Amino acid sequence: MDPVDRDAILAEIEALRADIDAKDEEAERLLLERMEHEDAEVRVAAVEAVWEYYYLPRVLDRALVLVRSDPDPRVARAALVALGRVIQEGIIDDIEDTPIEALSAELDIDPKVYWKVREFLLAAAQDEGTPVDVRRFALESLGYAGTRADVAALLFEWYAMADPSARRSAVFAMGLSGCAEYARQILRHVEDEDIEMRLVAIRAAGLGRIGDARDAVLAASRHKDARVRLAAAEALGGYGGEKVLDRLEEMQDDADEGVRDAARESMETAWDVDEGSE
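Rules of the game
- Residues numbered from 1 in each chain as written.
- Predicted model: local features only at pLDDT ≥ 70, side-chain atom pairs only at ≥ 80, totals over all residues.
- Heavy atoms only, no water.
- Helix = DSSP H or I, 4+ residues; strand = E, 2+ residues; numbered from the N terminus.
- Rg over C-alpha atoms; globule rule 2.2 N^0.38 Å.
- Buried < 20%, exposed > 50% of the residue type's maximum accessible area, 1.4 Å probe, protein only.
- Contact = heavy atoms within 4.5 Å.
- Areas by Shrake-Rupley, 256 points an atom, 1.4 Å probe, with all protein chains shown as cover.
- Lys, Arg positive; Asp, Glu negative; His and termini not counted.
- Charge placed at Lys NZ, Arg CZ, Asp CG, Glu CD.
- Expected span 1.5 Å × (residues − 1).
- Polar contact = N/O pair within 3.5 Å; in protein donor to acceptor, adjacent residues only side chain to side chain.
- Core = buried A, V, L, I, M, F, W, Y, C linked by side-chain atoms within 4.5 Å.
- Axes fitted to C-alpha atoms, helices over the stretch in contact; angles between N-to-C directions.
- Left-handed = near helix turned anticlockwise from the far one by under 90°.
- Nonpolar A, V, L, I, M, F, W, Y, C, P; charged D, E, K, R; others polar.
- Phe/Tyr/Trp six-rings, centres within 6.5 Å; stacked < 30°, edge-to-face > 60°.
- Lys NZ or Arg CZ within 6 Å of the ring centre and 35° of its normal.
- Patch = residues over 30% accessible without salt bridge, like charges linked within 9 Å, V, L, I, M, F, W, Y side chains within 5 Å.
- Salt bridge = Lys/Arg side-chain N within 4 Å of Asp/Glu carboxyl O.
- 1 Å grid on protein atoms, 1.4 Å probe; cavity = no way out; pocket = protein on both sides within 12 Å on 5 of 7 lines; lining within 4 Å.
- Points joined across faces, edges and corners; volume = space filled by probe spheres on them.

Participant: Sorry if this is basic, but what is going on with the overall build of the chain here?
Facilitator: Along its length, the chain carries 15 helices and 0 strands. Here the C-alpha radius of gyration of the chain, 19 Å, is about what a compact globule of 278 residues would show, namely 19 Å. Scored against the burial criterion, the 278 residues of the chain give a buried share of 52%. A fraction of 64% describes how many contacts in the chain between residues 6 or more apart in sequence connect residues 24 or more apart. Just so you have it, the chain exposes about 13600 Å², and 48% of that area is on carbon and sulfur atoms. Each charge class in the chain was averaged separately, 34 positive and 63 negative side chains, and the resulting centres sit 4 Å apart.

Set out below in structure tokens:
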């Protein structure tokens, strides 16, 4: 495919993702069309947009199909990540703990759709016929439901695996759960000698707002490796308090552009965190 044409299509999808006033009918038409595109990069971009348009049934169904049928594993990975939005919204709306008849009719996600996606992700994460490097993204999306017994059991199962990428995904999913019960596992790796695990654990600590990890994350923000400082800058957005805000302000003068950008973004979210995180 001509790079210029590809770039134009990718820009079109990106604009759709950013347009909060886009008409659902137009979004559905465009995404379904791009999900069938011959170019894998276009298909990846289209399924990534499911994160914003998770409430469109036909778009969601097509993403489920692509996880199993697309020849490029990048498409499956992107779709599995985007499907996590359904789990996130379902947990926020308390779908798992509320009788169907008591749920609001104004929910963006139909409870039946939520359970359909949840079961799909569980099956995908446990499908040993699929490479770990694909199904681990299903596990991460299930992390939003990490307080549930079946998901928790799966997280610990993956955490015990020998495959380093599986363990990293388990730790990341634990962070996404926001559950303090996983603090011990996350804390264990915030200063891990394995740099990849350390980066994941730092981010997980911020996602889960693990209070006991705050000082370690602050220390990581001064690490000589820019990758560690970047992870810390992103994680600090999950904390509040004067020390965190002061450090984020300092990090906006970091030598690394990515760190500077992350610090600015985290500064906005850190202000919204309860001062009790101090």
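Participant: Can you walk me through helix H1 (residues 3–18) in this structure?
Facilitator: Residues separated by three or four positions in an α-helix point in the same direction, a consequence of the helix having 3.6 residues per turn. A rise of 1.5 Å per residue sets the reference length of H1, with its 16 residues, at 22 Å; its end C-alpha atoms lie 22 Å apart and thus fit the reference within 8%. For H1, the secondary structure elements touched by its buried residues are helix H2 (24–35) and helix H3 (40–48).

Participant: Which parts of the structure should I look at to understand the side chain of Arg-77?
Facilitator: If you trace the backbone, Arg-77 turns up in helix H5 (residues 73–92). Only 3.2 Å separates the side chain of Arg-77 from the side chain of Asp-133, close enough to count as a polar contact. In this structure, Arg-77 is in contact with Asp-133, Val-134 and Phe-137, ignoring residues within four places of it in sequence.

Participant: Honestly, the environment of Glu-196 in this entry has me stumped. Any pointers?
Facilitator: Within the secondary structure, Glu-196 is located in helix H11 (residues 195–207). Its relative accessible area of 36% is what places Glu-196 among the partly exposed residues. Glu-196 sits 48 residues away from Val-244 along the chain, and the two C-alpha atoms are 24 Å apart. Once residues lying within four places of it in the same chain are set aside, the contact partners of Glu-196 are Arg-168 and Arg-227.

Participant: Is there a simple way to think about the nonpolar core in this case?
Facilitator: Among the nonpolar cores identified, the biggest contains 98 residues, and Leu-80, Leu-83, Ile-186 and Ile-202 are the most heavily contacted of them. Take this core: its biggest share by element is 9 residues, from H5. Apart from the residues within four sequence positions on either side, Ile-202 is in contact with Val-190, Val-217, Ala-220, Val-228, Ala-231, Ala-232 and Ala-235.

Participant: How do you make sense of the packing of helix H8 (residues 149–159) against helix H9 (residues 164–177) when you look at a structure like this?
Facilitator: Helix-helix packing is characterised by the crossing angle of the two axes and by the distance between the axes. Relative to each other, H8 and H9 sit at 145°, their axes nearing to 7 Å. Once H8 is placed against H9, the crossing between them reads as left-handed. Residues Leu-155, Phe-156, Trp-158 and Tyr-159 of H8 touch H9, and the partners they reach there are Ala-166, Arg-167, Ala-170, Val-171, Ala-173 and Met-174. Residue classes in the contact of H8 with H9 are distributed as 9 nonpolar, no polar and 1 charged.

Participant: It is not clear to me how the environment of Ala-40 should be interpreted in this structure. Could you clarify?
Facilitator: Relative to the elements of secondary structure, Ala-40 occurs in helix H3. Using a relative accessible area of 13% as the deciding quantity, one classes Ala-40 as buried. Counting along the chain gives 30 residues from Ala-40 to Asp-70, while the straight-line C-alpha distance between them is 9.0 Å. If we skip the residues at most four places from it in the chain, Ala-40 touches Asp-72, Arg-74 and Val-75.

Participant: In this structure, what is going on with the packing of aromatic side chains? I would like to understand it.
Facilitator: For any pair of aromatic rings, geometry is given as the distance between the ring centres together with the angle between the planes. In this structure the tally under the stated criterion is 4 aromatic pairs. Consider the rings of Tyr-54 and Tyr-55, whose centres lie 5.5 Å apart with planes at 90°: the pair is edge-to-face. Among the residues examined, Tyr-55 registers a relative accessible area of 28% and is labelled partly exposed. Taken together, a centroid distance of 5.4 Å and an interplanar angle of 80° make the contact between Tyr-114 and Trp-115 edge-to-face. Residue class for Trp-115 comes out partly exposed when judged on its relative accessible area of 32%. Over the face of the ring belonging to Phe-120 we find Arg-68, whose NZ or CZ atom lies 5.1 Å from the ring centre. The side chain of Arg-167 reaches across the aromatic face of Tyr-159, ending 4.8 Å from its centre.

Participant: Help me understand a negative patch on the surface in this model?
Facilitator: A cluster of acidic residues, Asp-2, Asp-5, Asp-7 and Glu-41, forms a negative patch on the protein surface. Mapped onto the elements, Asp-2 comes out in the segment before H1.

Participant: Teacher, can you tell me more about the layout of surface pockets here?
Facilitator: Which parts of space are left empty comes out when a probe the size of a water molecule is rolled across the atoms. Of the voids in this model, the largest pocket is the one considered here, and its volume is about 440 Å³. Together, 17 residues line the largest pocket, and Glu-140, Phe-172, Leu-176, Arg-203 and Leu-207 are the ones closest to its centre. Elements represented by at least two residues in the lining of the largest pocket include exactly helix H7 (132–142), H9, H11 and helix H13 (226–235). Residue composition of the lining of the largest pocket, by class: 9 nonpolar, 3 polar and 5 charged.

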